[in-house]
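If you want the building blocks of each chain, they are given just below.
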Amino acid sequence: MKVGILTGGGDCSGLNAAIRGVAKSLMHELNAEIIGIEQGFLGLIENNARALDFQDVSGLINKGGTILHTCNNASPFNYQGQDVSGKVLENYRALNLDVIVAIGGDGTMSLCYELSKSGMNFIGIPKTIDNDLAHTDRTFGFETAVDVVVDAIDRLKTTSESHNRVMIVETMGRYAGWIALHAGLAGAADIILIPEFPFDVKEVIAQINKRAEYCSSSIIVIAEGAKAVDGDLTVNKTVQGSPDAIRLGGVGYSLQQQLEQHIPLEVRTTVLGHIQRGGCTSAFDRIFATNVGCYASALIAQKRFGRMVTVHNNHLSSIALKEVAHKVRQVPNDDMTLISALAMGISLGVQNLKIPLASLQDDQVIIG
Ligand code: F6P
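Asks: Even after reading the chapter, I still don't get the sheet that holds strand β8 (residues 218-223), so can you show me in this structure?
Replies: By way of backbone hydrogen bonds, the strands of a sheet pair with one another, either parallel or antiparallel. As summarised here, the arrangement of the 4 strands in space is β7-β8-β6-β11, forming an open sheet in which the pairing is parallel. Either end of the sheet is taken by a strand with one partner, and the two such strands are β7 (191-193) and β11 (267-271). Ignoring which end each strand starts from, the neighbouring axes of this sheet average 15° apart. Where β7 and β8 come together, 3 bridges link them in parallel fashion. Within β8, the residue paired with Leu193 across the bridge is Ile222. Each of β6 (166-171), β7, β8 and β11 is contacted by helix α8 (residues 251-260), which is oriented at about 175° to β11, the strand it contacts most.

Asks: I keep staring at the site of the ligand and nothing clicks. Help me out?
Replies: Looking at the ligand, the residues that line it are Asn72, Ile129, Asp130, Met172, Gly173, Arg174, Glu224, Arg247, His274 and Arg277. Here an oxygen atom of the ligand and a side-chain polar atom of Glu224 are 2.5 Å apart. One of the side-chain N or O atoms of Arg247 is found 2.6 Å from an oxygen atom in the ligand. Protein burial of the ligand: of its 400 Å² of free accessible surface, 81% is covered by the chains. Each of domain 1 (2-140 + 281-324) and domain 2 (145-276 + 332-359) accounts for three or more of the residues forming the shell around the ligand.

Asks: Can you walk me through the pattern of salt bridges in this structure?
Replies: Once the charged atoms of two side chains with opposite charge are near each other, the side chains can pair. Under the defined criterion, the tally for this structure stands at 12 salt bridges. Across the pair Arg50 and Glu38 runs a salt bridge, and its minimum N-O distance is 3.2 Å. Remark: Glu38 occurs in the loop between β2 (33-37) and α2 (41-46) and Arg50 occurs in strand β3 (residues 49-52); sequence separation between them is 12 residues. In this structure Glu38 comes out as buried when scored by relative accessible area, which is 12%. The salt bridge partner of Glu114 is Lys117, with a shortest N-O separation of 2.8 Å.

Asks: Quick question: what am I supposed to make of the side chain of Ser218 here?
Replies: Position of Ser218 relative to the elements: it lies in strand β8. Ser218 sits in the buried class, given a relative accessible area of 2%. Setting aside its immediate chain neighbours within four residues, Ser218 contacts Arg165, Val166, Met167, Asp190, Ile208 and Arg211.

Asks: I would appreciate a short explanation of helix α3 (residues 85-94) in the present structure.
Replies: Each α-helix winds once per 3.6 residues, and so residues spaced three or four apart point in a common direction. Regarding α3, the residues found buried are Ser85, Val88, Leu89, Asn91 and Tyr92. In an axial view of α3, the angular spread of the buried residues amounts to 165°, which keeps them on one side of the axis. More than 90 degrees from the buried face of α3, the exposed residues found are Glu90, Arg93 and Ala94. Structurally, α3 contributes buried residues whose contacts are with α2, β4 (99-104) and α4 (106-116). Asn96 lies just past α3 and shows a positive phi near 60°.

Asks: Before we go on, may I ask you to explain the packing of aromatic side chains in this structure?
Replies: Two aromatic rings, taken as a pair, are described by how far apart their centres are and by the angle between their planes. The full count for this structure, using the stated rule, is 2 aromatic pairs. Seen from their ring centres, Phe140 and Phe288 are 6.5 Å apart, and the 90° between their planes marks the pair as edge-to-face. Of this pair, Phe140 sits in the loop between β5 (122-126) and α5 (142-163) while Phe288 sits in helix α9 (residues 283-301); the two residues are 148 residues apart in sequence, bridging distant segments of the chain. Given the relative accessible area of 0%, Phe140 is considered buried. Accessibility expressed as a relative area gives 12% for Phe288, which makes it buried. An aromatic cluster is present here, built from Phe140, Phe284 and Phe288 joined pairwise through their rings.

What counts as what
- Residues numbered from 1 in each chain as written.
- Predicted model: local features only at pLDDT ≥ 70, side-chain atom pairs only at ≥ 80, totals over all residues.
- Heavy atoms only, no water.
- Pairing = 2+ DSSP bridges.
- Helix = DSSP H or I, 4+ residues; strand = E, 2+ residues; numbered from the N terminus.
- Axes fitted to C-alpha atoms, helices over the stretch in contact; angles between N-to-C directions.
- Contact = heavy atoms within 4.5 Å.
- Near = heavy atom within 4 Å.
- Polar contact = N/O pair within 3.5 Å; in protein donor to acceptor, adjacent residues only side chain to side chain.
- Areas by Shrake-Rupley, 256 points an atom, 1.4 Å probe, with all protein chains shown as cover.
- Domains from an automatic or database assignment.
- Salt bridge = Lys/Arg side-chain N within 4 Å of Asp/Glu carboxyl O.
- Buried < 20%, exposed > 50% of the residue type's maximum accessible area, 1.4 Å probe, protein only.
- Arc of directions from axis to C-beta.
- Phe/Tyr/Trp six-rings, centres within 6.5 Å; stacked < 30°, edge-to-face > 60°.

Put into structure tokens, the structure is as follows:
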């Protein structure tokens, strides 16, 4: 078998561990030939690929980034304004590949699904710090990113206490609040604002004032995709040729401006940005990425192409790429992390938002 591997979209921790897992298991068990495709779909457009041997994929498990490099602005359907998907098919055939393992997020899975219509074989491995891929309970990269945010909150907490300040911490996550919610809970934030619940600035102010009666510092964690009930998404820039051209960012600063007009405390904002995607991979993500990599090899051994590896209720499985394409998984109302946050009095910036613990039944809630 001849198997291509590419990493698409924004990078995250665990990509190298997954490349290593899939490549080593394919070489070891199937004696497969491995081709590394450079810079995601750009490598397929430009026919930029190289053979990988066992040595090339060794010593990688802890390393952040991706040895294959990646790119989130080279859609074959809109590359410099043109549809070059035909060229991609030509290059796939010229490389004589049986299948491509595409390690990516929803943009990558959507492109794989669209390209598979012309006869190309793909196996998807889900990754993203955003944890927002449909039909999988978890993506690698998420847990390492949450660790980074929690470390930042811990640091911001001590300086906010020293200065009696309100600290706003803006996380990534696109249209889903997973990073902000998990890091907010783990970092003991006072207010967590996520896209799933448009916030009321008056409620945020009320919470800060209530807290100020006994403590003058507060931590607000806000996801980049959060917005006020009467506001819009805060767009930082648009990137042409990207499966999702919108880049979010800056909502923390606009919240700061609004708060400063109404509270006596000083407010500061930290936008964590790409720090959340870099650095060493956590032990959890190393194992997780290795497992999904090896499971992708199982699907290849069985020639079950056109599928993405999934995790569901602690079981590894797979689903047709068609089911994943063009979808986003947001935090649902029955997520226990959300319910725990509310139960402990953490505000989501929404008045009277309650999910009473007394209403919970066994097996009803999920841990996302
Ligand atoms: O999807 C991963 C992600 O890091 C998002 O959380 C963020 O909105 C986006 O990528 C940033 O993209 P870029 O690297 O193009 O700035």
